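Secondary and tertiary structure notes
Chain by chain, the residues run as shown.
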Amino acid sequence: MIHLIMGLKGSGKTKKLIDAINAAANEAHGDVVCIEYGRKLTYDVTYKVRLVDSKEYGISSPEMLKGFLSGLHAGNFDITNVFIDNLYKTIGTDKAAAEDFIVWCAKFAADNNMEITITVSEDPAEVSETLKQYL
């Protein structure tokens with residue numbers, strides 16, 4: 001299953017994400033991973049969550065992030081929740097590529113029995129019908 005947290009800058013996406021991460025860490029029966037852009041969530045999420053800075057790994061495109069997620073899962077089948085903060089900062093602002101990535105994530109999550117939550121800095125009223133199903 002996949003969830004999108006969308007909104008314009010300053011709309012409270014990060015606060016919602018932090019709350020969801022901490023709730024998942026307390027309730028999940030597996031491992032929780034958060035991929036962030038820069039190290040800004042370190043003091044906001046519980047120590048139980050594996051924080052990964054995408055900048056440290058040079059992730060800059062949807063293909064690289066797909067490979068990274070696949071590698072995380074291949075190395076640890078116990079991951080039940082993945083959170084991705086600031087999608088556009090991580091993979092670029094190409095909306096079509098981001099939409100393709102989100103659709104891929106939905107299939108990847110379903111195939112591997114995990115939940116993926118992604119924050120996207122975009123007005124939810126302006127997204128495609130494809131993405132509206134994940135809001």
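Quick caveat, the model's predicted, so the values are computed rather than measured.

**Some thoughts on the overall build of the protein chain**
- Scanning the protein chain from N- to C-terminus turns up five helices and five strands.
- Counting helices and strands in the order they occur from the N terminus, the protein chain gives β-α-β-β-α-β-α-α-β-α.
- Here the C-alpha atoms of the protein chain give a radius of gyration of 14 Å, agreeing with the 14 Å that 2.2 N^0.38 yields for 135 residues.
- Here the C-alpha coordinates of the protein chain stretch approximately 35 × 30 × 30 Å along the principal axes.
- Sorting the 135 residues of the protein chain into buried and exposed places 45% on the buried side.

**Focus on the nonpolar core**
- One finds Ile35, Ile84, Leu87, Phe101, Ile102, Ile116 and Ile118 to be the most contacted residues of the largest nonpolar core, which totals 30 residues.
- Looking at this core, the elements that each hand over two or more residues are strand 1 (2-7), strand 2 (31-36), helix 2 (62-75), strand 4 (79-84), helix 3 (87-91), helix 4 (95-111) and strand 5 (115-121).
- Ranked by the residues each element gives to this core, the list is headed by helix 4, at seven residues.
- The residues touching isoleucine 116, leaving out its near neighbours within four places in the chain, are Met1, Ile2, His3, Val82, Ile84, Cys105, Phe108 and Ala109.
- With 13 residues, the next largest nonpolar core counts Ile5, Ile18, Val45 and Phe83 among its residues.

**Describing the packing of helix 2 against helix 4**
- Between helix 2 and helix 4, whose axes approach to 10 Å, the crossing angle comes to 15°. By the angle between their directions, the pair helix 2 and helix 4 is classed as roughly parallel. Our pair here, helix 2 against helix 4, has a crossing hand that is right-handed. Packed against helix 2, whose contacting residues are Pro62, Leu65, Lys66, Leu69, Ser70 and His73, the element helix 4 presents Ala97, Phe101, Trp104, Cys105 and Phe108 at the interface.
- Broken down by class, the residue content of the contact of helix 2 with helix 4 amounts to eight nonpolar, two polar and one charged.

**Section: the side chain of serine 61**
- On the secondary structure map, serine 61 appears in the loop between strand 3 (50-53) and helix 2.
- Apart from residues lying up to four places away in sequence, serine 61 is in contact with Thr90 and Ile91.

**Description of the pairing of strand 2**
- Taken across its six residues, strand 2 has five buried, putting it largely inside the fold.
- Judged from the five bridges that link them, strand 2 and strand 4 form a sheet pairing that is parallel. Along strand 4, the bridge assignment pairs valine 32 with asparagine 81.
- Sheet topology note: the strand 2/strand 3 ladder contains four bridges and is parallel. In the strand pairing of strand 3, isoleucine 35 is matched with valine 52.

About the criteria used
Residues numbered from 1 in each chain as written. Predicted model: local features only at pLDDT ≥ 70, side-chain atom pairs only at ≥ 80, totals over all residues. Heavy atoms only, no water. Helix = DSSP H or I, 4+ residues; strand = E, 2+ residues; numbered from the N terminus. Rg over C-alpha atoms; globule rule 2.2 N^0.38 Å. Buried < 20%, exposed > 50% of the residue type's maximum accessible area, 1.4 Å probe, protein only. Core = buried A, V, L, I, M, F, W, Y, C linked by side-chain atoms within 4.5 Å. Contact = heavy atoms within 4.5 Å. Axes fitted to C-alpha atoms, helices over the stretch in contact; angles between N-to-C directions. Parallel < 35°, antiparallel > 145°, perpendicular 65-115°, else oblique. Left-handed = near helix turned anticlockwise from the far one by under 90°. Nonpolar A, V, L, I, M, F, W, Y, C, P; charged D, E, K, R; others polar. Pairing = 2+ DSSP bridges.

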